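Architecture and fold: a report
Take a look at the letters that make up each chain.
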Amino acid sequence: MKRETKLIHLGRAAAKKHGIVNVPVYRASTVLFDGVADMDLSNRDKSTRRMTYGRRGTPTLWAVQDAFAELHGAAGAVTCPSGIAAVGVACLSVLRSGDHALFADTVYGPTRILAKGIFSRMGIDVSYYDPMIGAGIEALIRPNTKAIILESPGSQTFEVQDVPAITAIARARNISTVIDNTWATPLLFQPLKHGVDIVVESATKFICGHSDSNLGLIASTAEKWADLQACHGDLGQTAGPEDAYVAQRGLKTLSIRMERHQASALKVARWLAAREDVSAVLHPALPDAVGHEFWRRDFEGSSSLFGFIVPACNRAAIGTMIDGLDHFGIGYSYGGYESLALPQDPRSGRTATKWENPGQLIRLHIGLEDTDDLIADLDAGIARLGAARAASGA
Ligand SMILES: *Cc1c(COP(=O)(O)O)cnc(C)c1O
């Protein structure tokens with residue numbers, strides 16, 4: 001079965017009994033047993049999908065978990081109430097006090113906050129590495145290094161990592177690897193097939209796809225599955241049924257949405273790259289992107305999120321450009337049907353590398369609107385920026 005067909009069928013078995021097309025929202029805390037013997041058996045035999053308590057799983061959660069695990073070729077998957085909760089659970093399932101962990105310098109901002117804050121406070125020794133380090137990561141490994149955290153492409157600046165080079169070294173040293181695969185979804189990159197142990201995604205983005213839920217998903221190899229399940233369960237990181245429902249419904253249209261995101265984002269990115277007043281476009285599928293060769297080798301496509309750089313300008317000038325856009329919202333997150341634009345500053349929060357580009361970075365999420373409308377909107381926006389810069393002499 002091809003993946004597009006699989007997406008249609010995955011996770012739906014639980015609903016077969018009543019013939020309902022989508023797995024319903026099962027709301028549950030207490031689950032009643034037939035008797036003491038039934039309760040004992042249900043608690044003992046965890047392999048059966050017998051409900052025991054809401055927090056331990058419902059058919060709504062299993063539908064999305066099973067689909068996610070299957071898409072990644074994983075032994076199993078768990079749901080979390082947000083993407084950042086999933087990052088936390090995945091890392092804690094492989095780290096303990098006294099361990100050293102290496103984080104890509106380009107990880108999602110809140111991941112860095114978690115590493116610097118709670119993880120460091122727990123006695124986990126955190127350090128950062130250049131995302132383009134590849135096999136050079138070997139030199140950073142210490143006797144107590146227990147995990148390498150990847151994110152590819154990187155947040156804000158979209159560097160694509162040489163994942164197989166890093167995982168080969170990690171495996172040889174018995175170091176666990178965790179990757180944040182939110183940008184790619186299981187349709188564009190399957191990290192477990194490239195040697196990664198644990199894959200995390202913020203399903204908030206493309207899988208839910210309509211800007212109305214927060215949800216995290218984690219899938220792992222068989223080797224890491226028991227520890228991942230235990231850490232997830234012990235921390236009580238269960239997702240709500242409405243959000244899981246939204247995610248499993250989102251999976252049904254994920255492939256066609258990603259196709260449209262890809263085509264539209266590429267069209268806008270190429271249009272920007274051809275402009276004289278745009279100094280760079282940071283999009284993994286463009287030939288001059290950092291790590292483009294790894295994207296070509298390992299990925300099956302590109303998604304909606306990328307950056308472009310305009311000449312440095314003051315905050316008022318960037319506001320003139322972005323506030324006046326008709327089709328781009330100003331807001332966090334991505335992966336929904338509506339386009340978004342945000343000014344970003346990659347200088348802050350990097351320690352292993354330096355961002356030297358003096359220009360102003362703007363991040364775009366290209367939604368499902370018509371690209372001619374989006375391009376005309378950006379064209380007028382960049383003209384406003386040029387006029388504001390000229391007027392202020394900047
Ligand atoms: C959004 C995002 C997250 C966090 O997801 P939330 O649901 O907002 O907690 C984690 N990693 C990446 C790369 C993200 O873009």
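Below, the structure is looked at part by part. All residue numbers refer to position in the chain's written sequence, counted from 1. Only residues with pLDDT of 70 or above have their local features reported here, since the model is predicted, and side-chain atom pairs are shown and tallied only from 80 upward, although totals for entire chains, interfaces and linings are computed over all residues. Excluding hydrogens and water, the side-chain values take into account all heavy atoms of the structure.

Topic: helix α11 (residues 315-323)
Here is the rule: For each residue, the accessible area found with a 1.4 Å probe, counting protein chains only, is set against the maximum for its type, and the residue is called buried under 20%, exposed over 50%, and partly exposed in between. Strands here mean DSSP runs of E at least two residues long; helices mean DSSP runs of H or I at least four residues long; both are numbered from the N terminus. For this analysis, residues touch if any pair of their heavy atoms sits within 4.5 Å.
Those residues of α11 that fall on the buried side of the exposure criterion are Ala317, Ile318, Gly319, Met321 and Ile322. For α11, the secondary structure elements touched by its buried residues are β9 (305-310), β11 (339-344), β12 (360-365) and α12 (371-392).

Some thoughts on the pattern of salt bridges
Note the threshold: Should a side-chain nitrogen of Lys or Arg be within 4 Å of a carboxyl oxygen of Asp or Glu, the pair is scored as a salt bridge.
Under the defined criterion, the tally for this structure stands at 18 salt bridges. Close ionic contact of arginine 50 with aspartate 38 constitutes a salt bridge, the shortest N to O distance being 2.4 Å. Here aspartate 38 lies in helix α2 (residues 36-44) and arginine 50 lies in the loop between α2 and α3 (59-72), a separation of twelve residues in the sequence. Look at aspartate 38 and you get buried, because its relative accessible area is 18%. With its nearest N and O atoms 3.9 Å apart, the salt bridge here joins glutamate 223 to lysine 224. By relative accessible area, which is 56% here, glutamate 223 ends up exposed. Looking at lysine 224, the relative accessible area reads 13%, which means it is buried. Through salt bridges with shared partners, a single ionic network connects Asp162, Arg297 and Asp298.

Some words on the packing of helix α4 (residues 83-92) against helix α5 (residues 109-121)
Selection criterion: Fitted lines through C-alpha atoms serve as axes, helices being fitted only where they are in contact, and the angles separating the N-to-C directions of these axes extend from 0 to 180 degrees. The labels follow the angle: roughly parallel below 35 degrees, roughly antiparallel above 145, roughly perpendicular from 65 to 115, and oblique for the rest. By convention the crossing between two helices is left-handed if the near helix lies anticlockwise of the far one by an angle smaller than a right angle, and right-handed if it lies clockwise.
At their nearest, the axes of α4 and α5 sit 10 Å apart, and the two run at 50° to each other. Taken together, the axis directions place α4 and α5 in an arrangement best described as oblique. The two elements α4 and α5 meet at a crossing, and its hand is right-handed. Only Pro110, Thr111, Leu114 and Phe119 of α5 make contact with α4, whose side of the interface consists of Ile84, Val87, Gly88, Cys91 and Leu92.

Quick notes on the pairing of β11
In plain terms, the rule: Strands are labelled as partners when DSSP assigns at least two bridges between them.
With five of its six residues buried, β11 lies for the most part within the structure. Inspection of the sheet shows strand β10 (residues 328-329) paired to β11 by two bridges, in the parallel sense. The residue bridging glycine 329 from the neighbouring strand is leucine 340, located in β11. Of the pairings in the sheet, the one linking β11 to β12 comprises five bridges and is antiparallel in character. What sits directly across from leucine 342, in β12, is arginine 363.

Description of the site of the ligand
Cut-off, in case you're wondering: When we say a residue is near a molecule or strand, we mean one of its heavy atoms is within 4 Å of it. Counting of polar contacts relies on pairs of N or O atoms within 3.5 Å, with two restrictions inside protein: one atom must be capable of donating a hydrogen and the other of accepting it, and residues adjacent in sequence are counted only when both atoms are side-chain atoms. Where accessible areas are quoted, they stem from the Shrake-Rupley method and a 1.4 Å probe; at the residue level, only the protein chains shown are allowed to cover. Under the scheme applied here, ten amino acids are nonpolar (Ala, Val, Leu, Ile, Met, Phe, Trp, Tyr, Cys and Pro), four are charged (Asp, Glu, Lys and Arg), and all others, including Gly, are polar.
If you check the shell around the ligand, you find Ser82, Gly83, Ile84, Tyr108, Glu151, Asp180, Thr182, Ser202, Thr204, Lys205, Asn214 and Tyr334 and nothing else. Backbone polar atom of isoleucine 84 to an oxygen atom of the ligand: 2.9 Å apart, as the coordinates give it. Take asparagine 214: an N or O atom from its side chain is 3.0 Å from an oxygen atom of the ligand. Contact with the protein chains hides 90% of the accessible area of the ligand, taken as 380 Å² for the molecule alone. Considering only residue class, the shell around the ligand consists of three nonpolar, six polar and three charged.

What about the side chain of threonine 79?
Among the structural elements, threonine 79 can be located in strand β1 (residues 76-80). According to the relative accessible area criterion, threonine 79 is buried, its value standing at 1%. A distance of 3.4 Å separates polar atoms of two side chains, one belonging to threonine 79 and the other to glutamine 65. If near-sequence neighbours (up to four positions away) are discounted, threonine 79 is found in contact with Leu61, Val64, Gln65, Gly216, Leu217, His232, Gln237, Thr238 and Ala239.

Structural notes on the pairing of strand β5 (residues 176-180)
Quick note on the threshold: Convention used here: a crossover is right-handed provided that the path from the first strand, over the helix, to the second strand proceeds clockwise when the strands point away from the viewer.
A large share of β5 lies buried, amounting to five of its five residues. Two elements, strand β4 (residues 145-151) and β5, share five bridges in a ladder whose sense is parallel. Bridging across to β5, alanine 147 finds its partner in serine 176. Remark: the β4/helix α6 (residues 163-172)/β5 crossover connection has right-handed handedness. Across three bridges, the pairing between β5 and strand β6 (residues 198-202) is parallel. The residue of β6 that forms the bridge with isoleucine 179 is valine 199.

Distances and angles like these do not, on their own, reveal function.
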